[in-house]
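Observations on the three-dimensional arrangement
Listed below, chain by chain, are the residues.
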Amino acid sequence: MACSISAGFLETNDQMCYKFSHSRRGIAVIIVNNRTGNENIRQGSEKDTTFLQQIFNHYGFEIRTFCNMKSKELLSGLLRISREDHSENDCFAMAISTHGMESYGCGTNGTREDVIETQDELIPVRFLLKLFTDDKCPSLQGKPRLVFIQACRGQELDNGLTITCTSPKADLEAAGDALMDAVLLKERLNPGQDDTDAPPHSHDTDGPNSNRLYDAEESISASDTTDGKKSLSDIYIAPAPCYEHFLVMYATPPGYFAFRNKADGSWFIRILADVLLRSDGRQSLTRELTRVIRRVAHDMQSYNTNPRYDAKKQSPVIYSKLIKEIYLTPKNGELPRDSTS
């Protein structure tokens with residue numbers, strides 16, 4: 001085994017595991033957008049903030065929270081963080097909870113890519129991630145960057161699969177018990193209705209919306225001017241951004257809605273917190289995140305009075321360019337701070 005735990009401490013082989021013995025764990029950025037003016041448009045998102053704070057506090061991160069920011073303020077704040085000295089940090093983390101969608105025309109070739117919503121406009125996810133690449137943030141070179149994104153990536157819905165069981169009676173009874181457990185879990189976890197994390201106006205249209213896009217470093221804005229009549233051959237589908245030493249985990253696959261319970265927060269963030277806060281550090285981070293995927297996919301099902309959004313499923317996805325394993329344990333002796341912007 002490349003990484004082992006002895007007497008409560010993790011002993012790492014530098015060839016197989018990222019070094020997590022720096023003096024600080026690192027900075028964790030939490031980005032939450034839940035309002036337009038004074039209107040709360042993302043009920044339950046305050047629970048996402050709480051869950052994310054619990055995760056990052058538990059693992060000794062210094063938390064920076066950006067809540068309901070305009071695009072220029074958000075990107076300027078992230079740019080300042082990227083220019084800080086991270087040389088004594090183990091890693092960097094960022095978690096996002098907001099509306100999202102696919103957008104067209106962000107690139108020069110009619111690119112279709114993931115964008116997230118701020119208070120005034122949409123921002124491509126790649127703008128945020130690029131601020132922390134090796135060339136933009138040299139003091140993070142060779143260190144892992146962990147990104148978690150709760151946002152819709154389109155308007156498709158996952159209906160799940162109906163499984164026909166041909167097993168003996170005993171197995172059928174066991175399957176029935178498992179189904180009842182799933183129903184009870186749904187009732188316990190979903191006391192309120194489930195909503196999606198797509199912008200409210202996107203529920204009423206089948207085409208892309210026009211939104212101004214802001215570039216962090218060059219302050220260049222562009223317009224998404226597609227009229228929705230392009231053929232598939234005219235559209236370049238951009239891969240989800242993932243750079244060297246990045247792990248990016250989305251709540252949902254490309255093109256699909258991501259669900260959020262109005263009472264308990266988003267499915268993805270809630271289960272991510274439950275898994276990571278219960279982890280003893282003996283399993284690699286990627287293995288723990290696989291457990292998150294399984295629990296969201298198997299245990300969760302939407303409840304909504306609108307039949308279009310009722311009884312739907314969801315499965316998170318991971319994009320990774322990590323070259324070593326990560327074993328997360330609480331940072332001993334470190335008092336994490338939370339500064340809210």
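Since this is a predicted model, take the numbers as computed values, not measurements.

Cut-offs applied
- Residues numbered from 1 in each chain as written.
- Predicted model: local features only at pLDDT ≥ 70, side-chain atom pairs only at ≥ 80, totals over all residues.
- Heavy atoms only, no water.
- Helix = DSSP H or I, 4+ residues; strand = E, 2+ residues; numbered from the N terminus.
- Buried < 20%, exposed > 50% of the residue type's maximum accessible area, 1.4 Å probe, protein only.
- Contact = heavy atoms within 4.5 Å.
- Areas by Shrake-Rupley, 256 points an atom, 1.4 Å probe, with all protein chains shown as cover.
- Core = buried A, V, L, I, M, F, W, Y, C linked by side-chain atoms within 4.5 Å.
- pLDDT = per-residue confidence, 0-100.
- Expected span 1.5 Å × (residues − 1).
- Arc of directions from axis to C-beta.
- Pairing = 2+ DSSP bridges.
- Axes fitted to C-alpha atoms, helices over the stretch in contact; angles between N-to-C directions.
- Parallel < 35°, antiparallel > 145°, perpendicular 65-115°, else oblique.
- Left-handed = near helix turned anticlockwise from the far one by under 90°.
- Phe/Tyr/Trp six-rings, centres within 6.5 Å; stacked < 30°, edge-to-face > 60°.
- Lys NZ or Arg CZ within 6 Å of the ring centre and 35° of its normal.

Within the protein, the secondary structure is distributed over 6 helices and 20 strands. Relative to its 341 residues, the protein shows a buried fraction of 49%. Partitioning the intrachain contacts of the protein with sequence separation of at least 6 by distance along the chain shows that 79% fall at a separation of at least 24. When the accessible area of the protein is evaluated, it comes to approximately 16,400 Å², of which 48% is carbon and sulfur surface.

For the rest of this paragraph, the subject is unusual backbone geometry. Glycine aside, the phi torsion of most residues is negative, and most peptide linkages are trans. The phi dihedral of His245 falls on the positive side, at around 65 degrees, and the residue is not glycine. With respect to the helices, strands and loops of the structure, His245 is situated in the loop between β15 (236–237) and β16 (246–250). Even without being glycine, Ala311 reaches a positive phi, approximately 60 degrees. Structurally, Ala311 is set in the loop between α6 (285–299) and β19 (317–320).

Counting 43 residues, the largest nonpolar core has Phe56 and Val292 as the members making the most contacts within it. When residues of this core are traced back to their parent elements, those giving at least two are β3 (24–32), α1 (45–58), β7 (89–97), β11 (145–150), β16, α5 (267–278) and α6. Sort the elements by how many residues they give to this core and α5 lands first, with 8 residues. For Phe56, the residues in contact, after removing those within four places along its chain, are Ala28, Ile30, Phe61, Ile63, Ala93 and Ala95. The next biggest cluster of nonpolar side chains, apart from the first, holds 31 residues, and it includes Phe66, Ile96, Leu131 and Ala151.

Attention now goes to the confidence of the model for the protein. Taken as a whole, the protein shows an average pLDDT of 79; of its residues, 68% reach a score of 70 or greater. Note that pLDDT drops below 50 for residues 4–12; the model gives that stretch 13 contacts with residues more than four away or on any other chain. Every residue in residues 203–236 scores below 50 in pLDDT, and together they form 63 contacts with partners more than four places removed in sequence or on other chains.

Moving on to α6. For α6, built from 15 residues, the straight-helix expectation of 21 Å at 1.5 Å per residue is met to within 8% by its first-to-last C-alpha distance of 21 Å. Leu285, Glu288, Leu289, Val292, Ile293 and Val296 are the residues of α6 that are buried. Buried residues of α6 fall within an arc of 155 degrees about the axis and therefore sit on the same side. Facing away from the buried side of α6 by over 90 degrees, the exposed positions are Arg287 and His298. Buried residues along α6 sit against β11, β16, α5 and β19.

Another point: the pairing of strand β6 (residues 62–67). For β6, the tally of buried residues reaches 5 of 6 residues, placing the bulk of the element in the interior. The pairing of β3 with β6 spans 6 bridges and is parallel. For Ile31, the partnering residue across the bridge sits in β6 and is Phe66.

Look at α1 against α5: their axes get within 9 Å of each other, and the N-to-C directions meet at 25 degrees. Considered as vectors, α1 and α5 are oriented roughly parallel to each other. Pair α1 / α5 crosses with left-handed handedness. Across the interface between the two elements, Asp48, Phe51, Leu52, Gln54, Ile55 and His58 from α1 touch Ile269, Arg270, Leu272, Ala273, Leu276 and Leu277 from α5.

Our next topic: the packing of aromatic side chains. For the coordinates displayed, the defined rule picks out 6 aromatic pairs. Ring centres of Phe259 and Trp267 lie 5.0 Å apart, and the angle between their planes is 15 degrees; this geometry places the pair in the stacked category. Considered together, Phe259 and Trp267 belong to a single accessibility category, that of buried residues. The ring of Tyr250 has Arg153 sitting right over it, with the charged end atom 3.6 Å from the ring centre.

Attention shifts here to the pairing of strand β9 (residues 111–117). Of all 7 residues in β9, 6 are buried; the element is thus mostly enclosed. In this structure, strand β8 (residues 100–104) lies alongside β9, joined through 5 bridges in antiparallel fashion. Bridged to Ser103 within β9 is Glu113. Relative to strand β10 (residues 122–124), β9 runs antiparallel, the two sharing 3 bridges. Each residue of the ladder has a partner; that of Glu117, found in β10, is Leu122. The antiparallel pairing of β9 with β10 creates a hairpin that spans 4 residues between the two strands.

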